[in-house]
Amino acid sequence: MSHRGKKPAKILIRETHEPAVPQNWPDGHVAVELAGANEAECLEITIHGVRHYLHSTTARELSNMLLTRIEE
């Protein structure tokens with residue numbers, strides 16, 4: 001049986017950490033773009049190479065939570 005045409009299994013990343021050596025700070029660590037017209041979500045947020053697609057309301061709440069914790 002041929003495996004041709006099958007997509008490779010996706011690996012679910014559950015945890016990331018800051019790299020030991022900064023990689024093109026800040027662009028190599030985080031990025032935010034508007035998602036393309038084909039996406040149901042509004043924003044594409046990349047953290048350590050992992051893309052997350054979020055609605056603007058989710059992104060706003062994440063921002064609020066981050067600001068609260070950073071201030072602590």
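The structure this text deals with has already been given above.
The structure displayed is predicted, hence computed values, not measured ones. (Residues numbered from 1 in each chain as written. Predicted model: local features only at pLDDT ≥ 70, side-chain atom pairs only at ≥ 80, totals over all residues. Heavy atoms only, no water.)

Trainee: Explain the overall build of the protein here, please?
Mentor: Helices and strands together make up the secondary structure of the protein, namely 1 helix and 3 strands. Reading the protein from its N terminus to its C terminus gives the helix and strand order β-β-β-α. Taking 72 residues into account, the globule formula puts the C-alpha radius of gyration at 11 Å, and the protein, at 16 Å, lies well above it. Relative to its 72 residues, the protein shows a buried fraction of 12%. Put simply, 12% of the contacts in the protein that link residues at least 6 apart link residues at least 24 apart. As displayed, the protein offers around 6,800 Å² of accessible surface, 56% of which is attributable to carbon and sulfur atoms. If you average the places of the 8 positive and of the 10 negative side-chain charges in the protein, the two averages end up 15 Å apart. (Helix = DSSP H or I, 4+ residues; strand = E, 2+ residues; numbered from the N terminus. Rg over C-alpha atoms; globule rule 2.2 N^0.38 Å. Buried < 20%, exposed > 50% of the residue type's maximum accessible area, 1.4 Å probe, protein only. Contact = heavy atoms within 4.5 Å. Areas by Shrake-Rupley, 256 points an atom, 1.4 Å probe, with all protein chains shown as cover. Lys, Arg positive; Asp, Glu negative; His and termini not counted. Charge placed at Lys NZ, Arg CZ, Asp CG, Glu CD.)

Trainee: Looking at this model, I keep getting lost on the pattern of salt bridges. Mind explaining?
Mentor: Opposite charge on two side chains permits them to pair, given that their charged atoms come into close proximity. This model, assessed by the stated rule, comprises 1 salt bridge. Notably, a salt bridge pairs E72 with R69, separated by 2.7 Å at the nearest N-O pair. Taken individually, E72 and R69 each receive the classification exposed, so the pair is uniform in this respect. (Salt bridge = Lys/Arg side-chain N within 4 Å of Asp/Glu carboxyl O.)

Trainee: What am I meant to see in unusual backbone geometry here?
Mentor: Among all residues except glycine, the phi angle is most often negative; among peptide bonds, the trans geometry is most common. A cis geometry characterises the amide bond from W25 onward to P26, with omega recorded as -10°. Along the chain, P26 turns up in the segment before strand 1 (30-34). Residue N24 is not a glycine yet carries a positive backbone phi of 55°. As for its placement among the helices and strands, N24 is situated in the segment before strand 1. The exposed category is assigned to N24, whose relative accessible area is 57%. Located in the positive-phi region is H48, a residue other than glycine, with phi close to 50°. Turning to its location among the elements, H48 is positioned in the loop between strand 2 (43-47) and strand 3 (50-54). Judged by its relative accessible area of 24%, H48 falls in the partly exposed class.

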